[in-house]
Amino acid sequence: MKNNKLVIVGTMAFDEIITPTAESGKILGGAATYIGLAAAFADADIAAVSVVGEDFLQEHLNLLTDRGIDISGVEQVSGGKSFYWKGKYHDNMNKRDTLDTQLNVLADFNPIVPEKYRDASIVMLGNLDPNVQQKVLDQLAPNPNRTVLLDTMNFWMDLQLNTLLNVIKQVDIITINDEEALQLSGEANLVLAAKAIHKMGPAYVIIKKGEHGALLFYKDQPFFAPALPLEKVVDPTGAGDSFAGGLSGYLAAQQTTNATTIKAGILQGTAAASLCVGTMGTSGLVQSSKEDFFAQLQKLERLRTITL
Ligand code: AMP
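Reading guide: rules and limits
- Residues numbered from 1 in each chain as written.
- Predicted model: local features only at pLDDT ≥ 70, side-chain atom pairs only at ≥ 80, totals over all residues.
- Heavy atoms only, no water.
- Buried < 20%, exposed > 50% of the residue type's maximum accessible area, 1.4 Å probe, protein only.
- Helix = DSSP H or I, 4+ residues; strand = E, 2+ residues; numbered from the N terminus.
- Contact = heavy atoms within 4.5 Å.
- Polar contact = N/O pair within 3.5 Å; in protein donor to acceptor, adjacent residues only side chain to side chain.
- Pairing = 2+ DSSP bridges.
- Axes fitted to C-alpha atoms, helices over the stretch in contact; angles between N-to-C directions.
- Near = heavy atom within 4 Å.
- Areas by Shrake-Rupley, 256 points an atom, 1.4 Å probe, with all protein chains shown as cover.
- Nonpolar A, V, L, I, M, F, W, Y, C, P; charged D, E, K, R; others polar.
- Phe/Tyr/Trp six-rings, centres within 6.5 Å; stacked < 30°, edge-to-face > 60°.
- Lys NZ or Arg CZ within 6 Å of the ring centre and 35° of its normal.

Each turn of an α-helix holds 3.6 residues, which means side chains three or four residues apart point in the same direction. Among the 10 residues in helix H3 (residues 130-139), 7 count as buried, and that is most of the element. Residues of H3 that are buried include every one of Pro130, Val132, Gln133, Gln134, Val136, Leu137 and Gln139, and no others. Buried residues along H3 sit in contact with strand S1 (5-9), strand S8 (122-125), strand S9 (147-151), helix H4 (154-159) and helix H5 (161-168). Looking at where H3 begins, the residue whose side-chain oxygen comes 2.8 Å from the main-chain nitrogen of Asn131 is Asp129.

Structure follows, in structure tokens:
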């Protein structure tokens, strides 16, 4: 029997974000932060596994615990500095450059999955060092009803490709943005890229196309979920992580994982991402209630139907 436990591993970070109209200064970020906040819209039993430095604020940890997320697997290293990332968006906000990545405490992180969550049915390997993703997989108790999801980015393809490919082999669902799918596969076309990534392991390949939505490739039947058209995009940071959070949280709350629940989960991920990008950093997710989330889902439904 599938359980409703979700284990998330990913960075918890300080980010600095520059957009064409604003600069954030040092704010809360990190893949696991966005994933956790987004996953918490679902009725799942969620644990985060990550590492932070002494500089990380209690009020930031509280944002996760306030949403019922177990953080006993979040190690705080005394005297250490948290992961730091600085990024700058182009006028076309689908494009960004990484200006700085400081691994800090992530460099020596040895993740520990809390005992209670080792049998989790859903495991979300968020963006971080693939060696850490592998160590999380190695600690899991056998569960025939497990689904493993993975998100990654070019940074890890450039630095740790072999380890990453080995993790990808063990994964059921990969979420990856369009440019990174092309980089990973060496193809120049997304359909061919998805085919090549299938061969690396994942049965389900989800390619995110920013404001242009997300494509699921499964067997020979692609599925498309448009993003919600938004009047104002303030900061796209974390959209991909929010998407992964909405999807994995939903899957954790379901009784089975199959193509149908994954497609429904992609809509949940899309709704979570739409709440993320309207404000700087995590504040859109933090300020949104479950009602706000369901309102976005309804807008998505209306976007996708032809009845009045
Ligand atoms: P996204 O916009 O969905 O790609 O996620 C952005 C978040 O990922 C930021 O909050 C960063 O702290 C985090 N991040 C950026 N670079 C990395 C990296 N190399 N590994 C892990 N997390 C990262």
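Strands sit in the order S3-S2-S6-S7 across an open sheet of 4 strands; the sheet is mixed. Pairing within the sheet leaves two strands with one partner each, and these edge strands are strand S3 (23-29) and strand S7 (96-102). Across the sheet, the mean angle from the axis of one strand to that of its neighbour is 20 degrees, orientation sign disregarded. Both strand S2 (residues 13-18) and strand S6 (residues 83-89) contribute to a ladder of 6 bridges, which runs parallel. Bridging from a neighbouring strand, Glu16 pairs with Lys86 of S6.

This next bit is on the site of the ligand. Taken together, 19 residues surround the ligand, and among them Asp15, Gly30, Arg96, Gly238 and Asp241 come closest. The separation between an oxygen atom of the ligand and a polar main-chain atom of Gly240 is 3.2 Å. Across the complex, the protein chains shield 94% of the 510 Å² of accessible surface that the ligand would expose by itself. If you list the elements that add at least two residues to the shell around the ligand, you get S2, S6, H4 and helix H8 (239-253). Among the residues forming the shell around the ligand, the class breakdown is 9 nonpolar, 7 polar and 3 charged.

It is worth spelling out the packing of aromatic side chains at this point. Considering all chains together, one arrives at 5 aromatic pairs under this definition. A ring pair is formed by Phe41 and Phe293, whose centres lie 4.6 Å apart and whose planes are at 5 degrees; its orientation type is stacked. Residue Phe41 is located in the loop between helix H1 (31-39) and strand S4 (45-53), and its partner Phe293 is located in helix H11 (residues 290-303); the two are separated by 252 residues in the primary sequence. Phe293 shares its class with Phe41; the two are buried. Relative to Phe294, the ring of Phe293 lies with its centre 5.5 Å away and its plane at 65 degrees, an arrangement referred to as edge-to-face. Judged by relative accessible area, which is 43%, Phe294 ranks as partly exposed. Put simply, the rings of Phe41, Phe293 and Phe294 pair up and form one aromatic cluster. The lysine or arginine in question, Lys26, covers the ring of Phe14, its NZ or CZ lying 5.0 Å from the ring centre.

Now for unusual backbone geometry. Excluding glycine, residues mostly carry a negative phi; peptide bonds, for their part, are mostly trans. Residue Asn104 is not a glycine yet carries a positive backbone phi of 50 degrees. Positionally, Asn104 belongs in the loop between S7 and S8. Unlike most non-glycine residues, Lys219 shows phi in positive territory, near 45 degrees.

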